[in-house]
Number of protein chains: 2
Amino acid sequence: MTTAYTHHHDIRPLDPALERIVAAADAAAPELADQEPRRRGAALAAVADALEAHAEELVQIAQEETGLTTGRLQGELKRTAVQLRLFADVIVDGSYLDVRIDRADGEFVLGARPDLRRTKLPVGPVVNFAASNFPFAFSVAGGDSAAALAAGCPVIVKAHPGHPRLSLRTGELVTAALEASGMPAGVFSVIEGQEAGTAVLQDPRIRAGAFTGSVRVGRLLADIAASRPQPIPFFGELGSTNPVFVTQQAVQTRADDLVSGFVTSVAGSAGQLCTKPGFVFLPEGHGLEERIVQAVEDSNASLGEQRLLNPAIASGYNARRETTLGARGVRTVVAGESRTDGDDQGWTTPTIVAVSLEELRAQREELLEETFGPFSVLVEVPRGSDLAALVYEFFTGSLTVTLQTGDAEVSDELRSLVAAASDVAGRLLYGGWPTGVAVTPAQQHGGPWPATTNDSSTSVGTAAISRFLRPVAYQSVPDALLPPMVRDANPWDVPQAIDEAGGSKTWGSRASA
Amino acid sequence: MTTAYTHHHDIRPLDPALERIVAAADAAAPELADQEPRRRGAALAAVADALEAHAEELVQIAQEETGLTTGRLQGELKRTAVQLRLFADVIVDGSYLDVRIDRADGEFVLGARPDLRRTKLPVGPVVNFAASNFPFAFSVAGGDSAAALAAGCPVIVKAHPGHPRLSLRTGELVTAALEASGMPAGVFSVIEGQEAGTAVLQDPRIRAGAFTGSVRVGRLLADIAASRPQPIPFFGELGSTNPVFVTQQAVQTRADDLVSGFVTSVAGSAGQLCTKPGFVFLPEGHGLEERIVQAVEDSNASLGEQRLLNPAIASGYNARRETTLGARGVRTVVAGESRTDGDDQGWTTPTIVAVSLEELRAQREELLEETFGPFSVLVEVPRGSDLAALVYEFFTGSLTVTLQTGDAEVSDELRSLVAAASDVAGRLLYGGWPTGVAVTPAQQHGGPWPATTNDSSTSVGTAAISRFLRPVAYQSVPDALLPPMVRDANPWDVPQAIDEAGGSKTWGSRASA
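Residues numbered from 1 in each chain as written. Chains lettered and ligands numbered in written order. Predicted model: local features only at pLDDT ≥ 70, side-chain atom pairs only at ≥ 80, totals over all residues. Heavy atoms only, no water.

Q: Help me out: how do you make sense of the packing of aromatic side chains in this one?
A: The relation between two aromatic rings is expressed through the spacing of the ring centres and the mutual angle of the planes. Residues and elements named next belong to chain A. Inspection of the entire model under this criterion finds 22 aromatic pairs over all chains. On the basis of an interplanar angle of 75° and a centroid distance of 6.1 Å, the ring pair of F235 and F468 is categorised as edge-to-face. Placement of F235 in strand β7 (residues 234-237) and of F468 in the loop between β17 (425-430) and β18 (469-475) is noted, with a sequence separation of 233 residues between them. Owing to a relative accessible area of 9%, F235 belongs among the buried residues under this scheme. With a centroid separation of 5.9 Å and an interplanar angle of 45°, the aromatic rings of F262 and W433 are classed as tilted. (Phe/Tyr/Trp six-rings, centres within 6.5 Å; stacked < 30°, edge-to-face > 60°. Helix = DSSP H or I, 4+ residues; strand = E, 2+ residues; numbered from the N terminus. Buried < 20%, exposed > 50% of the residue type's maximum accessible area, 1.4 Å probe, protein only.)

Q: I tried to follow the pattern of salt bridges on my own but got confused; where do I start?
A: Note on pairing: side chains with opposite charge can pair once their charged atoms come close. Inspection of every chain in the model, using the stated rule, returns 60 salt bridges over all chains. E57 of chain A is the partner of R169 of chain A in a salt bridge, and the nearest nitrogen-oxygen pair spans 2.5 Å. Linking R169 of chain A in helix α6 (residues 164-180) with E57 of chain A in helix α3 (residues 55-66), this pair joins segments that are 112 residues apart in sequence. You can call R169 of chain A partly exposed: its relative accessible area is 22%. In this structure, K505 of chain B engages E107 of chain B in a salt bridge whose closest nitrogen and oxygen atoms are separated by 2.6 Å. Linking K505 of chain B in the segment after β19 (496-499) with E107 of chain B in the loop between β1 (99-102) and β2 (116-122), this pair joins segments that are 398 residues apart in sequence. Given a relative accessible area of 53%, K505 of chain B falls into the exposed group. (Salt bridge = Lys/Arg side-chain N within 4 Å of Asp/Glu carboxyl O.)

Q: Just checking my understanding: could you explain the nonpolar core for this structure?
A: One recurring pattern in soluble globular proteins: nonpolar side chains tend to sit buried together. Grouped together as the largest cluster of nonpolar side chains are 215 residues, with contacts concentrated most on F188, F281 and F468 of chain A together with F188, F281 and F468 of chain B. Excluding residues that lie within four positions of it along the chain, F188 of chain B makes contacts with V140, S145, L149, V155, V157, G171, V174, T175 and L178 of chain B. (Core = buried A, V, L, I, M, F, W, Y, C linked by side-chain atoms within 4.5 Å. Contact = heavy atoms within 4.5 Å.)

Q: When you look at the interface of chain B and chain A in this model, what are you seeing that I'm missing?
A: Quoted interface sizes are often the accessible area lost when the parts come together. Between chain B and chain A, the contact holds 101 residues from the first and 100 residues from the second. Taking both sides of the interface into account, the surface hidden between chain B and chain A amounts to around 8,500 Å²; carbon and sulfur atoms contribute 59%. Considering only the surface of chain B that becomes buried against chain A, L481, W507 and R510 of chain B emerge as the three largest contributors, covering 9% of it. For the pair chain B and chain A, the interface holds 4 salt bridges. The shortest N-O distance in the salt bridge between D93 of chain A and R510 of chain B comes to 3.7 Å. Taken together, chain B and chain A are joined by 49 residue pairs in polar contact (both at pLDDT 80 or more). With 9 residues, helix α4 (residues 70-93) of chain B is the largest single contributor of residues to the side of chain B that touches chain A. Its residues assigned to classes, the side of chain B that touches chain A shows 48 nonpolar, 27 polar and 26 charged. Relative to strand β17 (residues 425-430) of chain B, β18 of chain A runs parallel, the two being bridged by 3 bridges. Within the sheet, the bridge partner assigned to Y474 of chain A lies in β17 of chain B and is L428 of chain B. (Buried area = accessible area lost by both parts, 1.4 Å probe. Polar contact = N/O pair within 3.5 Å; in protein donor to acceptor, adjacent residues only side chain to side chain. Nonpolar A, V, L, I, M, F, W, Y, C, P; charged D, E, K, R; others polar. Pairing = 2+ DSSP bridges.)

Q: Looking at this model, I keep getting lost on the relation of the copies chain B and chain A. Mind explaining?
A: Under the fitted operation, chain B is carried onto chain A by 0.0 Å of movement along the axis and a turn of 180°, and the coordinates agree to an RMSD of 0.0 Å. Here the transformation between the copies is reduced to the relation of a two-fold axis. When each C-alpha of chain B is compared by its distance to the rotation axis, A226 of chain B comes out closest, at 3.4 Å. (Least-squares fit on C-alpha atoms with pLDDT ≥ 70 in both.)

Q: Could you clarify how one ought to interpret the sheet that holds strand β15 (residues 375-381) of chain B in this entry?
A: With mixed pairing, 11 strands are arranged side by side in an open sheet as β19(A)-β1(A)-β2(A)-β18(A)-β17(B)-β16(B)-β8(B)-β9(B)-β15(B)-β14(B)-β11(B). What marks the edges here is a single partner per strand, and that holds for β19 (496-499) of chain A together with β11 (331-334) of chain B. Sheet twist, expressed as the average angle between the axes of neighbouring strands with direction ignored, equals 20°. Relative to β19 of chain A, strand β1 (residues 99-102) of chain A is paired through 4 bridges, and the arrangement is parallel. Opposite I101 of chain A, over in β19 of chain A, you have I498 of chain A as the bridge partner. Relative to strand β14 (residues 351-356) of chain B, helix α11 (residues 311-326) of chain B is tilted by about 35°, and along the sheet it contacts β11, β14 and β15 of chain B. (Axes fitted to C-alpha atoms, helices over the stretch in contact; angles between N-to-C directions.)

So, in C-alpha cells, the structure goes:
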C-alpha cells in the first residue's frame, strides 16, 4: 500500500509551505495506516514519554501563555500522556475495527452469498483545530490528535493563537517522538493562522476535521466542511451550558456538600471549562444564597484572583457577563470581580446571579448562552414545576446534565428527568459535578447541537477513535491481498465476529412477542 | 420515559396534516425507545410477515408502477422481509449498543474515577426519502426504515413518486403490523411530495435523515440538513460509477466468464442499480468486443426490451447516453435501443461504448458521470499503465471497485490496486460483479462522496443501524434510574464491556516497539 490518498485533478494551490505539509501528510497516510498495531501503539506511548520527559519546560511555557496554575497544568499534561497510552492499548486490542467476516454460504436464504470481510480503515489526513482552554489535553498532542493518530490518520494541527510557543514546542516533541518510533515523515505537523486552517480544511486531501471551541467558529468551520465539493465529516465540540437540576431533598439533606461542590466546579480553572455548570435550577425558597456567598469567599481566599486565558476570552467574558447582569430581573448573589489589566488580560473571581424561571423564559435569547468563565446562573423554580419539561423547554443540546438529589433519591419525577436529560445531553450525572471528565472507555463527551456539530461520537475516551475511521468490505478477496485484520490467520490478533454459513435460515427467530 | 423529544420554542408551523404526523412521531419516540428488544424485534418480524402475506398484491402493484419483472420484484420483497428479520436479531443480540461500563476506581491513575456507563440511544424521529429503483428494499419498508425502527426511531417515509400506490399500500401494512405488535401509534407514516419532505427534514423534531437517489437531490437535502439551526446527520446514498479493472491474465484465461458476468450485471433490472459497473478498464487490444456483442444479443433474446422505471429516469438516461455517445473518440460497441413510448416510458436494451484512456482524461467532466440505466463504458488502457494511479486519477468515491483477475492472481500491482480501491470505495470485489448486494453482517454499502454524503456507515447490512443512534453516558446513576442495558442485572442480556477498577495502572503496556 504505497500510493498516496491523492486526487490530483481536484487540488487548488496552497501556499508553498502549507502545500509541503499537506502533501507530506497525504504521502504518509498509507504507510501510517499499514503500521502493525503494536508499532503504532508504541509510537503513541513514545509521544507520552516525550511529553513527560519535558514536563517542566512545557508546563512553564503553558503557565506563561495561559495563566493557568502550575498544578492544573501538571495534571493536564499527565492526563494527556495517559490518554496517549490508553489509545495505544485500544489499537492493540483491535475491537475498534469492528471486524466482521461472513463465510461464503451456498445456502444463504437469498441465494448464494460470497465471502465478505468488513473492517474499518483510517479516513486519511485529518485537520485538528486546537482549543485555548486545555493547552495540553485538547491542543497539539490532545485527545483529537491522539485519536486520529491511533486510527492511523496523519494529523495537521491548527494551533490555537492563545499558546503559540507551547504549540510549536509540543509539535516538535510529538514529531520527533513519532519519527524516532519509525512512523513515516509527514504524519504530524503544526500550522498557524485562521487562513491557513481554513485552506487546509478545504483541501481535497484532508478527509476529516476536528475542533474544540466556540459555537460561532465551530459553525463556520462545520459549514465549510459540509459545503466542500467533496464534503467531509467535521467533529466540532462547541458550547455547552451544562444545566444542573436540584431537588428539594438535595437542598434539605445535602446543602453544604451541594454548595461547596457547585462553587468548586464554577471557580476551578476560572470557569473556563466546557463542562462548567452554567445554570442551576433550584427550588424557589432554597435558602442557599448565604452559604454560596460564604463558599465563594472561601474559594477566593484560596484561589485568589484568577487570570483568564487570553485577552479575547477576557473581552468575551466581560461582554456576556454584562449582558446577563443587565438583564431584567437578574439579581446578583455574588458580585465577583472582572477587571482588565494593562496587557488586556482579564482577572476574575466568580460571579453568581439569580433569576426567576419566568424571567429566564421571557429573556431566553439573551440569557441562555454560555458565559465562558467563572459565572453561573441560579434559576428559581416554583414548587411543582415539571423539571423534565424544563429540560426540553430550554435546552436542545448540552455536553452534560446534572441531577442533584437526596442520597439515593428515586421517583417518577426523576425518572422523567433522566429520560429528558438523556435526550439532550451526552453525559448525565447523578450527584457529582460535570467538570473533570475522566479519560476512560465509557466516557461520552458530546451531545446534540450546540454541544457538538456531530453527535455520533465523543471527543474524550476511547470511543473517540471512531470519528476517524470508515468501513470497507472485501468480497472474495484472497488472503494475500487482504489487510491483516480480516485475514483468516488473524496476525494482529483482533476480535473477528464470524457469521458462519447456514445461519440465515433462522434469522428472526430470536425475537418473540 | 414519557416525555416527547420536543423543543417547543423552535417549531415552525407545518401544514396541519403534516404537523399531526410529525407530532405523532415525536410523541411515540420515547415509548418506542423503551421497548424491550424482543418486543421491538417481534414487531419487525411481524412487518416481514405482513409483507410476505400480501406478496402477490404488492408485487402486482409494483410491477405496474415500475416495469420491473415479477421475478425480480418477488426476490426483492423476500430480501426486504429477510432484512427486517435480520434486524430483529440484531436488536435482541444487543452488541450494536456498544455498552461499556467503567467501575468506580479510587486508584484511577488520574485521580478517583466515578462509575460510568455508556450505551447508544435512538436519535429520535427519522425522515427517510425512498428510492425509485428498489420499490421494496430501498423504499417504504426498506433498509433505511428497518434500520431506524430497529434502532428505536419513529420513521416518516417520504414516498418516491415513481410508485405512489405501492408506497401507500406498503405504509398501511407496516403501520398496521407495528400497531398490532403493540408499538405506539405514530411510529410509522408515509408522506408524499418534495415540499412536504423538505419541510419535515427542516423540522426540529426530526433528528436524522436518510436518502437513496441522485447526486443532485442528495446534495440538496444534505445541504438542508447541514444548514438547519440545529444540524442533523444526513445519510444519503447517491451516485456511483463502480469501476472495474481487468488484468491481462483475466482476459487471457477467463474471457467468456468475464464477458457473460459483465453483460448480466449491466443488463439486469435495465441497469438501474446503484452498483451497476459503469466503467470497465481493459488492457488495450483485449479483443473481447465480439464476445460482448454476442453476449448482449443473447441477453436481449432472453430479457427483451426492458422498460425504465419512470419517465424522469427515461429522460435522464437518454440525455446522459446521448452526451456520451456524442463525445469525441467514443466508439459504439453495442448500439442498444433507447426509445420512448406514447406514455413517455423509456424502453431499452444495453448500450456499450469504448473510449481510450487519453480521451477519457481529456473529457472527464463530460464522461465521468453515472449513467443510470443499461449503459457501460469500456476504457482501453495502454500496457504498463499504473492501475492504482488510475483509481486516484478518476474516482473520489464509489460504492464499489471490482478487480477482474486471473484465477487467484496476486502481484504487487494488484496489491497497490487493492490499496487504492479501498481508499475510494465502500466495497472491493475480487472477481464477481458488484450488482447483487448481500444483506449480511459484514456488508458495506457506502463510500466517500459522491457515493454517499456521509461515509461513516452503510445502508445495507446490520451495521446500518448505527446511523440512527447516539451515545450517552450515565455517571454514578443508581440502578433504579438507569436504562436496562447498562444495569448490573443486565435484564436485556446484552454484551457489556466492563473496565474493572485498577486497570489504568498498566495502560500503554500492551504496545511495544
